[in-house]
Amino acid sequence: MISFLLFNASFLNLIFYVFAIGFVISLLLEQIIKAKPLSPFEEVNDRNMYIVQTNRKYCWRQAWITNACWFLCNVGLYILSRNMQPVGDTFWNGI
């Protein structure tokens, strides 16, 4: 169970960074599209803004959900490992 939680905590940590970077990229793209529209047509600009805003909201929401799951994995690891026997000195073999 501990190895499962360690794997999940590591995986969720990786996924959090993916969503956080995606959020920053979509935030930058949103600011670029607001400052300088890509097309002279209003419908195309609105569509581009909708796509960027949807991606930003999705990455923000998924980053929070991933962070909450990571936190729960760490709480589970704390609960499971608080009663474990401490690891002895294996280098010197007790000498």
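Refer to the structure presented above.
Here is what the cut-offs are and how they apply
Each chain has its residues counted from 1, following the order in which its sequence is written. Confidence filtering applies because this is a predicted model: local features only for residues at pLDDT of at least 70, side-chain atom pairs given and counted only at 80 or more, and all residues used for totals across whole chains, interfaces and linings. Where side-chain values are given, they derive from all heavy atoms of the structure, hydrogens and water being excluded. In this description, a disulfide is simply a cysteine sulfur pair whose atoms lie within 2.5 Å. Think of it in three bands: residues with accessible area under 20% of the maximum for their type are buried, residues over 50% are exposed, and the middle band is partly exposed, with areas taken using a 1.4 Å probe on protein chains only. Note on definitions: salt bridges are taken to be side-chain nitrogens of Lys or Arg within 4 Å of carboxyl oxygens of Asp or Glu. The way it works is that DSSP assigns letters per residue, a run of H or I at least four long becomes a helix, a run of E at least two long becomes a strand, and they are numbered from the N terminus. Here an axis means a line fitted to C-alpha atoms, over the contact stretch when the element is a helix, while the angle between two N-to-C directions is reported on a 0 to 180 degree scale. Throughout, the term roughly parallel applies to angles under 35 degrees, roughly antiparallel to angles over 145, roughly perpendicular to angles from 65 to 115, and oblique to all others. The crossing is said to be left-handed when, going from far helix to near helix, the turn is anticlockwise and less than a right angle, and right-handed when the turn is clockwise. Each patch is built from salt-bridge-free residues with over 30% relative accessible area, joining like charges within 9 Å and nonpolar side chains (Val, Leu, Ile, Met, Phe, Trp, Tyr) within 5 Å. With residues, only the protein chains shown are counted as cover, and all accessible areas are computed by Shrake-Rupley using a 1.4 Å probe. Pairs of residues are marked as contacts when any of their non-hydrogen atoms sit within 4.5 Å. We define the nonpolar core as a collection of buried residues of types Ala, Val, Leu, Ile, Met, Phe, Trp, Tyr and Cys that are connected through side-chain atoms lying within 4.5 Å of one another.

Q: Sorry if this is basic, but what is going on with the state of the cysteines here?
A: By definition, a disulfide links the sulfur atoms of two cysteines through a covalent bond. In this structure the tally under the stated criterion is zero disulfides. Counting only cysteine sulfurs, Cys-69 is the nearest neighbor of Cys-59, a cysteine outside any disulfide, at a range of 16 Å. Counting only cysteine sulfurs, Cys-73 is the nearest neighbor of Cys-69, a cysteine outside any disulfide, at a range of 7.1 Å. Under the relative-accessibility criterion, Cys-69 is labelled partly exposed at 36%.

Q: Explanation requested: the pattern of salt bridges in the structure shown.
A: Between side chains of opposite charge, a pair can form as their charged atoms come close. The final tally for this structure, using the stated rule, is two salt bridges. A salt bridge links Arg-56 to Glu-30; its shortest N-O distance comes to 2.6 Å. Taken as a pair, Arg-56 in helix α2 (residues 42-81) and Glu-30 in helix α1 (residues 2-35) lie far apart in primary sequence, 26 residues in all. Note on Glu-30: relative accessible area 4%, which makes it buried. Sharing partners across several salt bridges, the network here consists of Glu-30, Lys-34 and Arg-56.

Q: Honestly, the packing of α1 against α2 in this entry has me stumped. Any pointers?
A: A packed helix pair is summarised by two numbers, namely the angle formed by the two axes and the spacing between the axes. Two elements in contact, α1 and α2, have axes whose closest approach is 7 Å; the angle formed by their N-to-C orientations is 160°. What the angle tells us is that α1 and α2 run roughly antiparallel. Where α1 crosses over α2, the two elements pack in a sense that is left-handed.

Q: So what exactly am I meant to see when it comes to a nonpolar patch on the surface here?
A: On the surface, a nonpolar cluster with roughly 620 Å² of combined accessible area is contributed by Trp-70, Phe-71, Leu-72, Val-75, Tyr-78 and Ile-79. Here Ile-79 lies in helix α2.

Q: Is there a simple way to think about the side chain of Asn-48 in this case?
A: Looking at where Asn-48 falls in the secondary structure, it is placed in helix α2. Other than its neighbours up to four places away in sequence, Asn-48 contacts Ile-33 and Leu-38.

Q: Just checking my understanding: could you explain the nonpolar core for this structure?
A: For soluble globular proteins, nonpolar side chains are generally found buried alongside one another. If you look at the biggest cluster of nonpolar residues, it comprises five residues: Leu-5, Ala-9, Leu-12, Cys-73 and Leu-77. Only α1 and α2 provide two or more residues apiece to this core. Here the element with the most residues in this core is α1; it accounts for three residues. If we skip the residues at most four places from it in the chain, Leu-12 touches Thr-66, Cys-69, Trp-70 and Cys-73.

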